[in-house]
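Spelled out from the first residue to the last, the chains are:
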Number of protein chains: 2
Amino acid sequence: MTPKLRRFLDEVRPSTPCLVVDLDVVEANYRALATALDGVEIFYAIKANPAPEILTRLVALGSSFDAASVPEIEQVLAAGAGPARISYGSTIKKEADIARAFELGVRLFAFDSEAELSKIARAAPGARVFCRILTNGEGADWPLSRKFGCTPKMAKDLLARAATLDVVPWGVSFHVGSQQKNPKAWDSALAEAASLFRELEAIGVELGMVNLGGGFPTPYRSDVPEIGAYAHEIMEAVRRHFGNRLPFLIAEPGRGLVGNAGVIQTEVVLIAEKGDADGRRWVYLDIGKFGGLAETMDEAIQYPIHSHRKGAPVPVILAGPTCDSADVLYERAPYTLPADLAIGDRLEIEATGAYTTTYSTVGFNGFEPLRSYYI
Amino acid sequence: MTPKLRRFLDEVRPSTPCLVVDLDVVEANYRALATALDGVEIFYAIKANPAPEILTRLVALGSSFDAASVPEIEQVLAAGAGPARISYGSTIKKEADIARAFELGVRLFAFDSEAELSKIARAAPGARVFCRILTNGEGADWPLSRKFGCTPKMAKDLLARAATLDVVPWGVSFHVGSQQKNPKAWDSALAEAASLFRELEAIGVELGMVNLGGGFPTPYRSDVPEIGAYAHEIMEAVRRHFGNRLPFLIAEPGRGLVGNAGVIQTEVVLIAEKGDADGRRWVYLDIGKFGGLAETMDEAIQYPIHSHRKGAPVPVILAGPTCDSADVLYERAPYTLPADLAIGDRLEIEATGAYTTTYSTVGFNGFEPLRSYYI
């Protein structure tokens, strides 16, 4: 936690649960990524945290933006981004939403199916389109399913078809999986992308862009490689597969820009021994899966959790405050908290700047959505 | 779907996604349950759907209410319920919230740990308390974890302790698991409850109440037994285990009162073949896991889904509109939709009156929360 965050929590003592984000950390992350990935245009994945304060800061730094919906496009336009800096990166769009984005000036659209390509050609004539290909998510904490992307073979056919419609077949995208821990994970997808460039060129369709997706990790309980290691491996792979005809490159970091910039403060509501054999304490917090910590699903993301107490660490099960029995944060993961932890204590859940506020439910069990502060 | 719901959807054509609830179905469910469970006081589990229209209707019918938080207590008071008809049924409460509920007139509180009992004794002097015991969730679509309840042995100790504090040890509760399909599931828990009554009486502590919990199912894709079958088995088990000294009985239905009263209308955003071996179509809707269908987690709850098309049924994978790869509704469950289904079609997701609106996120991917209508 940065001194600025610590000071805010100590001085303001906001009521819990709440998220506090240090915008200077977001800025430092952006600068580090932009420096490491020199020549790659960065499109911030708005869905990670669409707070106006974050968008405004990133607009000022020169970032571009990846939007998942028309409301996200409107939010980032309101924050001062020009429409030329926006990619409508969802592959699942209503035709009316494509038309609305086009009307707002957006000219870059994703697709991964014939039907979506046809919608874009009808609703956004002349726009640039890129096709998302399927990759496997090995090495990622949060592997992506087959929900997105088509096979490279289908991508070739669809991009060739795009050339016959009123759109510009502009490139290829992929996603190596969120919180990707292996800097070499981009290699095979880049090889596929380069093959597609060559095969399409052979039939007269010249692509220009490769979208490296997101996947850049934030440190949770285990260390992750430095951003420089990712940049090195990615740029090496690009050169290896594309030779000296380098494509225009873009990337869509979300978690990698805002994850470690935020901390959630929560209150211990109850500590209970349940009289069963296991012997671990149940520690119930005032935030859970439905109040913003949805990414604890299957215990995929394991946030660092800190107490100011100094007692010996004892094993705990961590759960949220709702009446939903699925609202357990960590039962298999080996979490410990100090033996002298007390009801009413505040805990800090670190690295919670991404994928928390907007995942919060509108009011499950009557609890209000996660409050947040941007400082 | 009732004719009233059909007419509303046809005439109003609300924009999608939206939930429409037929309040007459809620009323019919309440009357059927109250008739079947004659002599059992019904506490509606507000968390299932806290819409003011539902609460108002149930207040008029004479229902009592199970609240999970202070905001839920305030909502049902605003709907006209007196505080004597409210149970604060969460076992995880901040002491300040217990005090606030007490101030609002609530006099019935749940606990399952020593710490929670102590909080209630301090913050709600003189109130009635009941202890939740652990049961297994066999037979339920949504088995409950060990998050709630303590062992019967611990319950005995805690209820005996309650008698030494400024609270009234009033009874025992349990939950046989949500969407419970086995009417005999209450038997073993009732046996445990009766044992506790006898053991505590032997040491001079006389309990009065058994809380049967919820678990009453709503029909999704598979049939469930009639409410009469549940009532018969439960009342038989009560008589078997308690003899002619019947306790005061309460139940906490949520899903069983509102589940089948609602229908969600959604639009087909995209139908895609992904070029992979499986061959199934991907059908993407404008609602998914983060827009209200959280209970599709692990495909636990399988809602009936209807199209007006008449084409031959073909296997589909159903997914939501967000960029989250976890936002897939049904991939393993064998869903089919008509071969002539088209993008832009509206589909009806039935039996969605419970656990949908409040599970909706505040705006993940920029999508607004689920709209709802109560007619």
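Residues numbered from 1 in each chain as written. Chains lettered and ligands numbered in written order. Predicted model: local features only at pLDDT ≥ 70, side-chain atom pairs only at ≥ 80, totals over all residues. Heavy atoms only, no water.

A.B. asks: Looking at this model, I keep getting lost on the relation of the copies chain B and chain A. Mind explaining?
C.D. replies: To go from the first copy of the chain to the second, apply a rotation about an axis and then a shift along the same axis. With an RMSD of 0.0 Å, the fit of chain B onto chain A corresponds to turning through 180° and sliding 0.0 Å along the axis. Both copies are brought into coincidence by an operation consistent with a two-fold rotation axis. The position closest to the rotation axis in chain B is occupied by the C-alpha of B:T361, lying 2.0 Å away. When the interface residues of chain B are mapped onto chain A, 100% of them again fall at the interface, so both copies present the same face. (Least-squares fit on C-alpha atoms with pLDDT ≥ 70 in both. Contact = heavy atoms within 4.5 Å.)

A.B. asks: In this structure, what is going on with the packing of helix α5 (residues 95-103) of chain A against helix α6 (residues 114-123) of chain A? I would like to understand it.
C.D. replies: Each pair of packed helices gets described by two things: the angle between the helix axes and the distance between those axes. All names here are of chain A. α6 packs onto α5 with a crossing angle of 40° between their chain directions and a minimal axis gap of 9 Å. Comparing their axes, α6 and α5 come out oblique. For the crossing formed where α5 meets α6, the hand is right-handed. Packed against α5, whose contacting residues are E95, I98, A99 and F102, the element α6 presents E116, K119, I120, R122 and A123 at the interface. Among the residues making up the contact of α5 with α6, the classes are represented as five nonpolar, no polar and four charged. (Axes fitted to C-alpha atoms, helices over the stretch in contact; angles between N-to-C directions. Helix = DSSP H or I, 4+ residues; strand = E, 2+ residues; numbered from the N terminus. Parallel < 35°, antiparallel > 145°, perpendicular 65-115°, else oblique. Left-handed = near helix turned anticlockwise from the far one by under 90°. Nonpolar A, V, L, I, M, F, W, Y, C, P; charged D, E, K, R; others polar.)

A.B. asks: Even after reading the chapter, I still don't get the environment of B:A251, so can you show me in this structure?
C.D. replies: All names here are of chain B. Positionally, A251 belongs in strand β11 (residues 248-251). Assessed through its relative accessible area of 0%, A251 is described here as buried. Setting aside its immediate chain neighbours within four residues, A251 contacts V40, E41, I42, F43, N211, L212, G213 and F216. (Buried < 20%, exposed > 50% of the residue type's maximum accessible area, 1.4 Å probe, protein only.)

A.B. asks: Explanation requested: the interface of chain B and chain A in the structure shown.
C.D. replies: Interface size is commonly expressed as the accessible surface area that is lost when the partners come together. Of the residues lining the interface, 67 residues belong to chain B; the matching set on chain A comes to 67 residues. Taken over both partners, the interface formed by chain B and chain A buries close to 5,500 Å², and the fraction arising from carbon and sulfur atoms is 61%. In terms of surface lost to chain A, no three residues of chain B exceed B:R146, B:K147 and B:K274, which account for 13% of the buried area on that side. Connecting chain B to chain A are eight salt bridges. Between A:D286 and B:K94 there is a salt bridge, with the nearest N and O atoms lying 2.7 Å from each other. Across the contact surface, chain B and chain A share 26 residue pairs in polar contact (both at pLDDT 80 or more). Broken down by secondary-structure element, the contributors of at least two residues to the side of chain B that touches chain A are α4 (70-78), α6 (114-123), β12 (262-272), β13 (281-285), β15 (313-319) and β16 (328-338) of chain B. Here the element with the most residues in the side of chain B that touches chain A is β12(B); it accounts for five residues. (Buried area = accessible area lost by both parts, 1.4 Å probe. Salt bridge = Lys/Arg side-chain N within 4 Å of Asp/Glu carboxyl O. Polar contact = N/O pair within 3.5 Å; in protein donor to acceptor, adjacent residues only side chain to side chain.)

A.B. asks: Is there a simple way to explain the pairing of strand β5 (residues 108-111) of chain B in this structure?
C.D. replies: Residues and elements named next belong to chain B. Residues L108 and A110 point to one face of β5 and F109 and F111 to the other, with burial holding for every one of them. Bridge count between β5 and strand β6 (residues 128-132): four bridges; the pairing is parallel. Along β6, the bridge assignment pairs F111 with C131. (Pairing = 2+ DSSP bridges.)

A.B. asks: Please explain the domain arrangement of chain A as it appears in this structure.
C.D. replies: Residue and element names in this part refer to chain A. Its domain assignment divides chain A into domain 1 (50-253) and domain 2 (260-374). Just the C-alpha atoms count here: the centres of domain 1 and domain 2 sit 34 Å apart. Tallying the contact residues gives eleven residues for domain 1 and 14 residues for domain 2. Summing both partners gives a buried area of about 1,200 Å² for domain 1 against domain 2, and 66% of it is carried by carbon and sulfur. The interface formed by domain 1 and domain 2 contains zero salt bridges. Secondary structure elements with two or more residues in the side of domain 1 that touches domain 2: α3 (52-61) and β7 (140-142). (Domains from an automatic or database assignment.)

A.B. asks: Looking at this model, I keep getting lost on the pattern of salt bridges. Mind explaining?
C.D. replies: Here the idea is simple: oppositely charged side chains can pair when their charged atoms come close. Summed over the entire model, instances satisfying the criterion amount to 58 salt bridges over all chains. The partner of B:R6 in a salt bridge is B:D10, and the shortest N-O contact between them spans 3.2 Å. One end of the pair is B:R6 and the other is B:D10, both in helix α1 (residues 3-12) and four residues apart, which spans about a single turn. On the basis of relative accessibility, which here comes to 30%, the residue B:R6 falls in the partly exposed class. Taking the relative accessible area as the measure of exposure, B:D10 reaches 46% and is therefore partly exposed. Three or more residues joined by partner-sharing salt bridges are found here, namely A:K4, A:D22, A:D24, A:E27, A:R31 and A:R57.

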